[in-house]
Amino acid sequence: MDITIGEPETNFIRLEKLLQDAVRNNPKPDVIVFPEMWNTGYALTEIQELADVNGERTKALLSGFAKANHVNIIGGSIAEKKEDRVLNTIYAFDREGMEVAEYSKIHLFRLMDEEKFLHSGDQLGQFELEGVPAGAMICYDIRFPELARKLALDGARILFVPAEWPHPRLHHWRTLLMARAIENQMYVVSCNRVGTSGTTSFFGHSMVIDPWGEVLVEGDETEAILHATIDLEEVVRVRAKIPVFEDRRPHLY
Ligand SMILES: O=C(O)CCC(=O)C(=O)O
């Protein structure tokens, strides 16, 4: 998804159109994922005015869409205003339109001054979708392997990663996502924005990676809806083949 910085109206219209296109696919998706801060982009200096108050508008859209289309949604993340604080928050909704998780980014990215304008979350992104344990991390969070490992140790079999990750760090994005999938032997489902805001350009390359580290689908730098089919038994097979979780020696490190 491309995002128009500082223009939630434009972004809501764009997102609704993409959602409609996504559910027209055959087969219909079980889960839809979209990118980080899709409502405002990184309009940090105006974020207090632009953020969605208590996420009400976003939640109404995502809950209604999930229920009407019987689809699970990992709602990217949005700029969410809670009292005088703005957080970068993911909402997850199940097929009944019930909210199953909220996760606010816990590692703020100082290279882009996030810590000056946003508050970090203080809880992990752990939830179940139709009985499948899953985790969520946002963008810069993937540089922290201990977070992904914690989610995996707690049972996650899929890690969802919405992002706004720009050039020139495509190499980091691909390598870190693959490492998180391989080391934790779980699916990684990532969605990164495309387009340009000011002097920053975002390369997309959303990816679904399996627990063996194979890339099942990867986008390019243009807006697109990508599809992949995952087999959760593959998590069990890979963990049995190379039993990393049994071979850990955590008392030594
Ligand atoms: O870690 C990076 O290189 C990019 C992170 C980022 O852009 C973000 O978290 O918003």
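Residues numbered from 1 in each chain as written. Predicted model: local features only at pLDDT ≥ 70, side-chain atom pairs only at ≥ 80, totals over all residues.

The cut-off we apply is this: UniProt positions are given in the numbering used here, feature names are shortened, and annotations may be inferred rather than shown by experiment.
The name an unreviewed UniProt entry assigns to the protein chain is Carbon-nitrogen family hydrolase, from the organism Paenibacillus silvestris. In the Sequence similarities (unreviewed entry) part of its UniProt record, the protein chain is described as follows: "Belongs to the carbon-nitrogen hydrolase superfamily. NIT1/NIT2 family."

### Remarks on the sheet that holds strand β13 (residues 207–209)
Basically, it comes down to this: At least two DSSP bridges between two strands are needed for those strands to be called paired. Secondary structure follows DSSP: runs of H or I at least 4 residues long count as helices, runs of E at least 2 residues long count as strands, and numbering of each begins at the N terminus. A fitted line through C-alpha atoms represents every axis, and for helices the fit uses only the stretch in contact; the resulting angles, taken between N-to-C directions, go from 0 to 180 degrees. Two residues form a contact once the distance between their C-beta atoms, set from the backbone, is within 7 Å.
Strand order in this open sheet of six strands is β7-β8-β9-β10-β13-β14, and the pairing throughout is mixed. Every interior strand has two partners, whereas the edge strands, β7 (125–129) and β14 (215–218), have only one. Going from strand to strand, the sheet's axes swing by 15 degrees on average, the running direction of each strand aside. Alignment of strand β9 (residues 158–163) against strand β10 (residues 187–192), held across six bridges, turns out to be parallel. For I158, the partnering residue across the bridge sits in β10 and is Y187. Against the sheet, helix α6 (residues 170–184) touches β9, β10 and β13, its axis set at about 155 degrees to β10.

### Some points on the site of the ligand
This is how it is decided: We call a residue near a molecule or strand if the C-beta atom, set from the backbone, is within 6 Å of it. Under the scheme applied here, ten amino acids are nonpolar (Ala, Val, Leu, Ile, Met, Phe, Trp, Tyr, Cys and Pro), four are charged (Asp, Glu, Lys and Arg), and all others, including Gly, are polar.
Looking at the ligand, the residues that line it are F109, M112, C139, Y140, R143, E164, W165, R169 and H172. Class assignment of the residues belonging to the shell around the ligand gives a composition of five nonpolar, one polar and three charged.

### A short note on the UniProt feature "domain: CN hydrolase" (unreviewed entry) in the protein chain
UniProt marks residues 1–232 with the feature "domain: CN hydrolase" (unreviewed entry), using the numbering shown here. Secondary structure across residues 1–232 divides into 27% helix and 28% strand, with the first and last C-alpha atoms of the span separated by 27 Å.

### Some words on the environment of Y140
Position of Y140 among the secondary structure elements: in the loop between β8 (132–136) and α5 (145–153). Sequence separation between Y140 and H107 is 33 residues; the distance between their C-alpha atoms is 6.6 Å. Y140 has contacts with H107 and F109, leaving out every residue within four places of it along the chain.

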